Amino acid sequence: MTATAAPSPILPGATIGFLGGGQLGRMTAFAARSMGYDIQVLDPEAACATRPVASRTITATYDDVEAAISLASECDVVTLEIEQIHPDVLDAVAARCALRPGREPVYIIQDRIRQKQWLAAQGFPLGRFVAATRASDIADAVSTFGPCIAKSTHGGYDGRGQVRLREAAQGAEAWDALGARACLVEQMVDIHYEISVLVARSPSGAVAVYPPSRNHHTSGVLTWAVVPAVISDAMTVRAQSLAKAVAERIGIVGLLAVECFVTTAGELLVNELAPRPHNTYHHSERGVATSQFEQLVRAICDLPLGATDVFAPSAIANLLGDVWLQDTAPNTSHALAIPGTRLHLYGKAGARAGRKMGHLSAIGTDAQDALGRVLESYRRLSPGTVASFDVHEPVLAHVTS
């Protein structure tokens, strides 16, 4: 029997390719550049956010096999910053260089129905759901479960591609709104709070688990995130153990973000998975020993994984295009007068409502202080959007369940 060769580290000087050139690729590329790697990227937008950081940018769609082959032919490893990559592209890349994460985890995660069915088959805790293949399936789900949310199977991030339903009669309208295609229908749960856990895993099987992040969404879009999460030690252990188990079972190589709900009854439920850096861990760049962006580089290159200790409580607040669509321009100087804050812009041209343009970050003496600083900075930056977005400062009382 022939022994399988151990993975070899991909050392600085090598080239990392990105399928997707948005802000996640941009921030990871900055980390990779600082470690001595070259960067190439494939993205449908010629002026994508990662372009200024890459030595080569291929403008092509995510189903363009020939473009993907061109990318892979000059890279030592290829990763992704968006799930919606055509399986044929993933296969073409994997045939030519290391693809991390692998094809199978991405294939499972990129379809919401497939993802939920896989999680259920593995015995992970979930809310009730059905796969709807016609309008009547949506209506039946609402009749059975009560209030539900219907989601498109692909894409639809940040609140898009979702319809909330309270009556079965809304089923036909929801079906049409989601393109009259198969969709996921989930029972709405009584959410006490939301958390996510980020897991890094290398080809050698090394695993690093981040402390949970406490998150808040407005209309399906992340408003703020903070670490420490100010939850009980028992829930921290449960959430980290759950996320680690999911990452190992699905065989991720790179990063896996596991978004979870904690219900008012104390249940811990998996909401969604993401095989890439995640918006809820942008604060890791400020307050964790190893940022998620550096960690991704370490993981896919099979370098030793970095420590995940929190050395400073940190928080972020998202900046959507709405900030730039007000009558008054953003007041950057006023916002950054709050001690401990930083501004992170993604280099995107053309602000539009709901588009992620950047984020603010802050560190503080504790989670409440960090969150207060970043939200005050947001209020100073764009007073005109405060009424539309949930940027009040909550009291992060220690959650005991």
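Quick look at the structure, then.

### Here's the deal with the environment of Ala367
Position of Ala367 among the secondary structure elements: in helix H12 (residues 367–381). In this structure Ala367 comes out as buried when scored by relative accessible area, which is 6%. With 248 residues separating them in the primary sequence, Ala367 and Leu119 have C-alpha atoms 31 Å apart. Beyond its immediate sequence surroundings of up to four residues, Ala367 is in contact with Val226, Pro228, Val230, Pro313 and Leu396.

### Side note on the sheet that holds strand S6 (residues 129–132)
Pairing in this open sheet of four strands is antiparallel, and the strands run S6-S9-S7-S8 from one edge to the other. The open sheet has two edge strands with one neighbour each: S6 and strand S8 (162–165). Pairwise comparison of adjacent strand axes, ignoring direction, gives a mean angle of 20° for this sheet. Strand direction decides the pairing type here: strand S7 (residues 148–152) and strand S9 (residues 183–187), joined by five bridges, are antiparallel. Bridge pairing in S9 places Cys148 opposite Gln187. Helix-sheet contacts for helix H6 (residues 135–145) involve S6, S7, S8 and S9, and the interaxial angle to S6 is about 165°.

### Overview of the pairing of S9
Burial runs high along S9: four of the five residues are buried. Where S6 meets S9, four bridges bridge the pair, whose relative direction is antiparallel. Paired with Ala131 across the strands is Leu184, a residue of S9.

### Thoughts on the layout of surface pockets
Of the voids in this model, the second largest pocket is the one considered here, and its volume is about 190 Å³. Lining the second largest pocket are Arg26, Met27, Phe30, Ala31, Ser34, Met35, Glu285, Ser291, Glu294, His344, Leu345 and Tyr346. Broken down by secondary-structure element, the contributors of at least two residues to the lining of the second largest pocket are helix H1 (23–34) and strand S17 (341–345). A total of five residues in the lining of the second largest pocket trace back to one element, the largest contributor, which is H1.

### Some thoughts on the packing of H1 against helix H10 (residues 292–300)
Put simply, H1 and H10 touch, their axes get as near as 8 Å, and they point 70° apart. Our classification of the angle between H1 and H10 gives roughly perpendicular. Crossing of H1 over H10 shows right-handed handedness. Along its contact with H1, which presents Leu24, Met27, Thr28, Ala31 and Ala32, the element H10 presents Phe293, Glu294, Leu296 and Val297. Each residue belonging to the contact of H1 with H10 can be placed in one class, and the counts come to seven nonpolar, one polar and one charged.

### Brief notes about the packing of aromatic side chains
Under the criterion given, the structure shown has two aromatic pairs. Where Trp118 meets Phe124, the ring centres are 6.1 Å apart and the plane angle is 35°; that geometry is what we call tilted. Relative accessible area serves as the criterion here: at 15%, Trp118 is assigned to the buried category. Between Tyr210 and Tyr281, the aromatic rings sit 5.8 Å apart at their centres with planes inclined by 70°, giving edge-to-face as the arrangement. One end of the pair, Tyr210, is in the loop between strand S11 (207–209) and strand S12 (213–218); the other, Tyr281, is in the loop between strand S15 (268–274) and helix H9 (284–287), with 71 residues separating them in the sequence. Taken individually, Tyr210 and Tyr281 each receive the classification buried, so the pair is uniform in this respect. Across the ring face of Tyr107, the terminal group of Arg114 is positioned such that the distance to the ring centre comes to 3.7 Å. Lying over the aromatic face of Tyr193, Arg214 brings its terminal NZ or CZ to 5.0 Å of the ring centre.

### Remarks on helix H3 (residues 87–94)
Among the residues of H3, those classed as buried are Pro87, Val89, Leu90, Ala92 and Val93. Summarising the contacts, the buried residues of H3 are in contact with strand S1 (15–19), helix H2 (65–73), strand S4 (77–80), strand S5 (98–99) and helix H4 (103–109).

### As for the environment of Val258
With respect to the helices and strands, Val258 occurs in strand S14 (residues 254–263). Residue Val258 is classed as buried on the basis of its relative accessible area of 0%. Sequence separation of Val258 and Arg380 is 122 residues, and the distance between their C-alpha atoms is 32 Å. Residues contacting Val258, with those up to four places away along its chain left out, are Ile195, Ser196, Val197, Ala243, Val270, Glu272 and Leu273.

What counts as what
For every chain, the first residue of the written sequence is number 1, and numbering continues from 1 along that sequence. Residue-level local features of this predicted model are given only where pLDDT is at least 70; pairs of side-chain atoms are given and counted only at 80 or more, and the full residue set underlies all totals for whole chains, interfaces and linings. Side-chain metrics in this entry use all non-hydrogen atoms of the structure; hydrogen atoms and water are not considered. Strands here mean DSSP runs of E at least two residues long; helices mean DSSP runs of H or I at least four residues long; both are numbered from the N terminus. Three exposure classes are used, based on accessible area relative to the maximum for each residue type with a 1.4 Å probe and protein chains only: buried under 20%, partly exposed in between, and exposed over 50%. The criterion used for residue contact is that any of the two residues' heavy atoms lie within 4.5 Å. For two strands to count as paired, DSSP must find a minimum of two bridges between them. Angles here are taken between N-to-C directions and fall from 0 to 180 degrees, while the axes themselves are lines fitted to C-alpha atoms, restricted in helices to the stretch in contact. Cavities and pockets were defined on a 1 Å grid built over protein atoms only: a cavity is a set of grid points that admits a 1.4 Å probe from which the probe cannot escape, a pocket is an open set flanked by protein on both sides within 12 Å along at least five of seven lines, and lining residues are those with an atom within 4 Å of any such point. Grid points are joined across faces, edges and corners, and a volume is the space filled by probe spheres set on the points. These descriptions rest on fixed angle ranges, namely under 35 degrees for roughly parallel, over 145 for roughly antiparallel, 65 to 115 for roughly perpendicular, and the rest for oblique. Rotating anticlockwise by less than a right angle from the far helix to the near helix defines a left-handed crossing, while the corresponding clockwise rotation defines a right-handed one. Amino acid classes used here: Ala, Val, Leu, Ile, Met, Phe, Trp, Tyr, Cys and Pro are nonpolar; Asp, Glu, Lys and Arg are charged; the rest, including Gly, are polar. Any Phe, Tyr or Trp ring, taking Trp's six-membered ring, that has another such ring centre within 6.5 Å forms a pair; planes under 30 degrees apart are called stacked, those over 60 apart edge-to-face, and the others tilted. Over a ring means this: the NZ of a Lys or the CZ of an Arg is within 6 Å of the ring centre and within 35 degrees of the ring normal.

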